[in-house]
Amino acid sequence: MPALDLVPLLPEVVLAVAALVLLLLGAASERRTRTSETSGEAAAIVTPLVVAALLVAAVLAAVLDKTPGLVLGGHFRFDGFAAVLKVLVLVAAAASLLLVSSYQEDERIDRFEFPLLALFSAIGMSLMVSAESLLGLYMALELQSLPLYVMAAFQRDRLRASEAGLKYFVLGALASGMLLYGCSLVYGFAGTLAFSELAAQFGPGAPQGMPIGVLVGLVFVIAGLAFKLAAVPFHMWTPDVYEGAPTSTTAFLAAAPKLAALGLAVRLLSGPFADWAPQWQQVIVLLAVASMLLGAFAGLVQTNIKRLMAYSGIANIGFALVGVAAGTNEGIEAALVYMIIYIVMVLGAFGCILAMRREGRYVEEIAELAGLSQRRPLMAAALALLMFSLAGIPPLAGFFGKYFVFLAAVRADLVWLAVLGLLASVVAAYYYLRIVKLIYFDPAAEPFEPPAAPGLQIVTALSVVFVLGFVVVPGPVFAAARLAAAALAR
Amino acid sequence: MTAELFVWWMLALVAIASAVMVIAAKNPVHSVLFLILCFFNAAGMFVLIGAEFLAMILVVVYVGAVAVLFLFVVMMLDINFVRLREGFLNYLPVGALVGIVLLAELVLVGTSWALREPSPVLATVEGLDNTRALGSFLYTEHFVVFQIAGLILLVAIIGAIALTLRQRVAVKRQDIARQVHRRPAETVTLVRVETGKGV
């Protein structure tokens, strides 16, 4: 019997206290200094402190005792899986904040609420990956989503940003409704919210079979989660939100929340519903196939690089879901490795996108990258490497992510799924390679301004180092994924 | 017992009558007022069946906040509601039919509920009113989730402020300290105006 206390929730408690203190600090320093719409001084104080709080919480999650423990009330659980994913989402959130602070300043939206909302969202993500009941799952998901809606509309004087925020909010509310409806069905038929009791009711040797109501409820819950993952057919919001929202929000949105949502889906499917794998496998396979194909083909015609990243994200979630669909521990491990590599690559790619600045304003068209290699050879090399890695070309990190996911699918007798995935990644390689071709072989466009922010350069450089070095030192990523997956195995 | 039953029926009848008036009243403001009356009667019925917490919440949340908000919205909107509702009563036969079907279903549900075997799930703790019972459940077992709900509300407030609050720089504001410190000598100038010429 695990202990019931608040200690397993220590990272979140630290983050929540930090959020409240920093809110007051931001409000106080904002009022003193504010002369125009934004003065940026409050944000300049709050942002580094938010990053520090995120990193402290990540360290706490890493050093906490990883023997499984339930939090008071049993709605959350801390174990190896939670620890690994918490560290990853918190570090990813901190890295995205480091990436975007210069963009916030340049676009005059550097109000202190932005890092705070990101912090609240990170608390939600951190809770999501340790959800242990349907109620905890839903509350954590809402705490993660609500700040993201606001952040998408943060550039409130731009019509596109308001549109993106509204679309995201309305569709997100719809997804929450579906998720909640599914939860209520499961609760109605099972009479319990806790994952452990659900597992006991529907596990092997359970007295009752599977009530159809729980199955329908589970499908609704998966649909709600698929929305958060931006998996086809619940992806409609993604391109518009990625393009319309300020690039700072897009960079945040594309990394940590995806990992948290995948972690939540994996925890739900391999926890209480592990013995129903044949049932949910069909749904996940459908999501994976549709996401891979749509992401690959729709990306071909994009001219805006943020829209392209949206379709790339959809395709990549499809690849990660291939690992989940395998339904084995190995598959989960592969999916986690895939997601870790993907979010590192996506952070680096957004580092390059956030450096596309010309004559005082940010440009987003892919064509603007033409001839980058002549003007800015370092940035060109970084972006080209990241694109090669996203396309899955060995020996870069992206190749290994895809390889292990497909291997897991083949071992789980889903050969056709792996083949489809391979074909989709070949199609998607076109749009990644097109960028490389633009950078190296096209006549040079006007030069970009040199990026001033050290945070952006450091994060991008680290991402490139990871992509290059993964083949030499793959151990830590695999060890983390193995630790996480082992905690889920029963 | 008979007195309680009498009160129950009175509350129920008034609730139904005011619910009818909500949709039948021509003036939308009257509709909202009838809605509030309906809420109050429903709250009274909740008290009679021993769910005093629900009654309190109904009055505080629905009457105190939601209905008053409706009232503000209705009073601020400049929509010709009377035109919108023209010919509304033509749909009465169809509406009545649907209503009768729903009523029949409700009666079926109600009778089956009344004749059911007592369920062990609904066991109540002796000597504990339901406000206390709900509270002890909410603040112990669901404490963490309750706190998360608080954080979500805080995010909603921050979001609303971040998206809508505009600090206008060019707007003239009242500065009481400056007003108090003004002297007639700095502000008032006497101008001698010659007759028939203006300033």
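Conventions we followed
Residues numbered from 1 in each chain as written. Chains lettered and ligands numbered in written order. Predicted model: local features only at pLDDT ≥ 70, side-chain atom pairs only at ≥ 80, totals over all residues. Heavy atoms only, no water. Helix = DSSP H or I, 4+ residues; strand = E, 2+ residues; numbered from the N terminus. Buried < 20%, exposed > 50% of the residue type's maximum accessible area, 1.4 Å probe, protein only. Areas by Shrake-Rupley, 256 points an atom, 1.4 Å probe, with all protein chains shown as cover. Rg over C-alpha atoms; globule rule 2.2 N^0.38 Å. Contact = heavy atoms within 4.5 Å. Lys, Arg positive; Asp, Glu negative; His and termini not counted. Charge placed at Lys NZ, Arg CZ, Asp CG, Glu CD. Core = buried A, V, L, I, M, F, W, Y, C linked by side-chain atoms within 4.5 Å. Buried area = accessible area lost by both parts, 1.4 Å probe. Salt bridge = Lys/Arg side-chain N within 4 Å of Asp/Glu carboxyl O. Polar contact = N/O pair within 3.5 Å; in protein donor to acceptor, adjacent residues only side chain to side chain. Nonpolar A, V, L, I, M, F, W, Y, C, P; charged D, E, K, R; others polar. Axes fitted to C-alpha atoms, helices over the stretch in contact; angles between N-to-C directions. Parallel < 35°, antiparallel > 145°, perpendicular 65-115°, else oblique. Patch = residues over 30% accessible without salt bridge, like charges linked within 9 Å, V, L, I, M, F, W, Y side chains within 5 Å. 1 Å grid on protein atoms, 1.4 Å probe; cavity = no way out; pocket = protein on both sides within 12 Å on 5 of 7 lines; lining within 4 Å. Points joined across faces, edges and corners; volume = space filled by probe spheres on them.

Draft legend 1. Here's a closer look at the overall build of chain B. A count of helices and strands for chain B gives nine helices and zero strands. Reading the secondary structure of chain B in the N-to-C direction produces α-α-α-α-α-α-α-α-α. Each of the 199 residues in chain B was classed as buried or not, and the buried ones make up 18%. Accessible surface, chain B: about 15,700 Å² in total, of which carbon and sulfur atoms supply 71%.

Draft legend 2. Seen up close, the overall build of chain A. Along its length, chain A carries 20 helices and five strands. Taken over the C-alpha trace, chain A has a radius of gyration of 22 Å; the compact-globule value for 490 residues is 23 Å, and the two agree within 12%. Over its C-alpha atoms, taken along the principal directions, chain A stretches across nearly 70 × 55 × 40 Å. Burial analysis of chain A (490 residues in total) assigns 62% to the buried set. Long-range contacts, defined as pairs at least 24 residues apart, comprise 81% of the intrachain contacts of chain A with a sequence gap of at least 6. For chain A, the accessible surface area stands at approximately 16,900 Å², while carbon and sulfur atoms represent 70% of it. The average position of the 28 basic charges and that of the 30 acidic charges among the side chains of chain A differ by 2 Å.

Draft legend 3. Spatial organisation of the nonpolar core. Residue and element names in this part refer to chain A. Among the nonpolar cores identified, the biggest contains 198 residues, and Leu54, Phe273 and Leu321 are the most heavily contacted of them. When residues in this core are grouped by element, the largest group, 18 residues, is from helix H14 (residues 329–353). Apart from residues lying up to four places away in sequence, Phe273 is in contact with Val186, Leu198, Phe202, Val214, Leu218, Leu268 and Trp280.

Draft legend 4. Looking closely at the interface of chain B and chain A. Listed as interface residues are 23 residues of chain B and, on the opposing side, 31 residues of chain A. Between chain B and chain A, roughly 2,300 Å² of surface is buried when both sides are summed, and carbon and sulfur atoms account for 78% of that area. Taken together, chain B and chain A are joined by zero salt bridges. The interface formed by chain B and chain A includes four residue pairs in polar contact (both at pLDDT 80 or more). In terms of residue class, the side of chain B that touches chain A is made up of 16 nonpolar, five polar and two charged.

Draft legend 5. The environment of Ser121 of chain A, seen in detail. All names here are of chain A. Following the sequence through the fold, Ser121 ends up in helix H4 (residues 113–128). When its relative accessible area of 0% is taken as the criterion, Ser121 is described as buried. Taking the C-alpha atoms as reference points, Ser121 and Leu143, 22 residues apart in sequence, are found 6.1 Å from one another. Beyond its immediate stretch of four places on either side in the chain, Ser121 contacts Leu143, Gln144, Pro147, Leu148 and Phe252. Here the side chain of Ser121 touches Gln144 through a polar contact of 3.0 Å, landing on its backbone oxygen.

Draft legend 6. Layout of the environment of Leu264 of chain A. Residue and element names in this part refer to chain A. Inspection of the secondary structure assignment puts Leu264 in helix H11 (residues 256–270). Of the residues examined, Leu264 reaches a relative accessible area of 0% and is grouped as buried. Each C-alpha atom, one on Leu264 and one on Ala140, is 9.9 Å from the other, the two residues being 124 residues apart in sequence. In contact with Leu264, not counting residues within four places along its chain, are Met128, Ala131, Leu137, Leu141 and Leu225.

Draft legend 7. Structural view of the packing of helix H9 (residues 237–244) of chain A against helix H10 (residues 247–254) of chain A. All names here are of chain A. Contact geometry of H9 with H10 gives a least axis separation of 7 Å together with a crossing angle of 135°. When the axis of H9 is compared with that of H10, the two are oblique. On the side of H9, the interface is formed by Trp237, Val241 and Tyr242, while H10 contributes Thr250, Leu253 and Ala254. Considered class by class, the residues forming the contact of H9 with H10 number five nonpolar, one polar and no charged.

Draft legend 8. Spatial organisation of H9 of chain A. Residues and elements named next belong to chain A. The buried fraction of H9 amounts to seven of the eight residues, a majority that puts the element mostly inside the structure. Every buried residue of H9 is accounted for by Trp237, Thr238, Pro239, Val241, Tyr242, Glu243 and Gly244. Here the buried face of H9 lies against helix H5 (134–152), helix H6 (159–190), helix H8 (212–229), H10, H11 and helix H13 (305–325).

Draft legend 9. Region of the structure containing a nonpolar patch on the surface. Residues and elements named next belong to chain B. On the surface, Phe6, Val7, Met10, Val14 and Leu37 cluster together into a nonpolar patch covering about 420 Å² of accessible area. In terms of residues, the nonpolar patch owes the most to one element, helix H1 (residues 2–24), which gives four residues. Structurally, the position occupied by Met10 is in helix H1. The exposure class assigned to Met10 is partly exposed, which follows from its relative accessible area of 41%.

Draft legend 10. Summary view of empty space enclosed by the protein. Residue and element names in this part refer to chain A. In this structure the tally under the stated criterion is two cavities of 30 Å³ or more. Surrounding the largest cavity, Gln144, Ser145, Leu148, Tyr168, Lys228, Trp237, Leu253, Pro257 and Lys258 form its lining. If you list the elements that add at least two residues to the lining of the largest cavity, you get H5 and H11. A total of three residues in the lining of the largest cavity trace back to one element, the largest contributor, which is H5. The residue inventory of the lining of the largest cavity, partitioned by class, reads five nonpolar, two polar and two charged. For the second largest cavity, the calculated volume is near 50 Å³. What lines the second largest cavity is Ile222, Leu225, Ala226, Leu229, Ala265, Leu269, Ile284, Leu287 and Leu321. Elements with a minimum of two residues in the lining of the second largest cavity: H8, H11 and helix H12 (277–298). When residues of the lining of the second largest cavity are assigned to their parent elements, the largest contribution, four residues, is made by H8.

Limitation: the analysis is restricted to geometry and does not speak to function.
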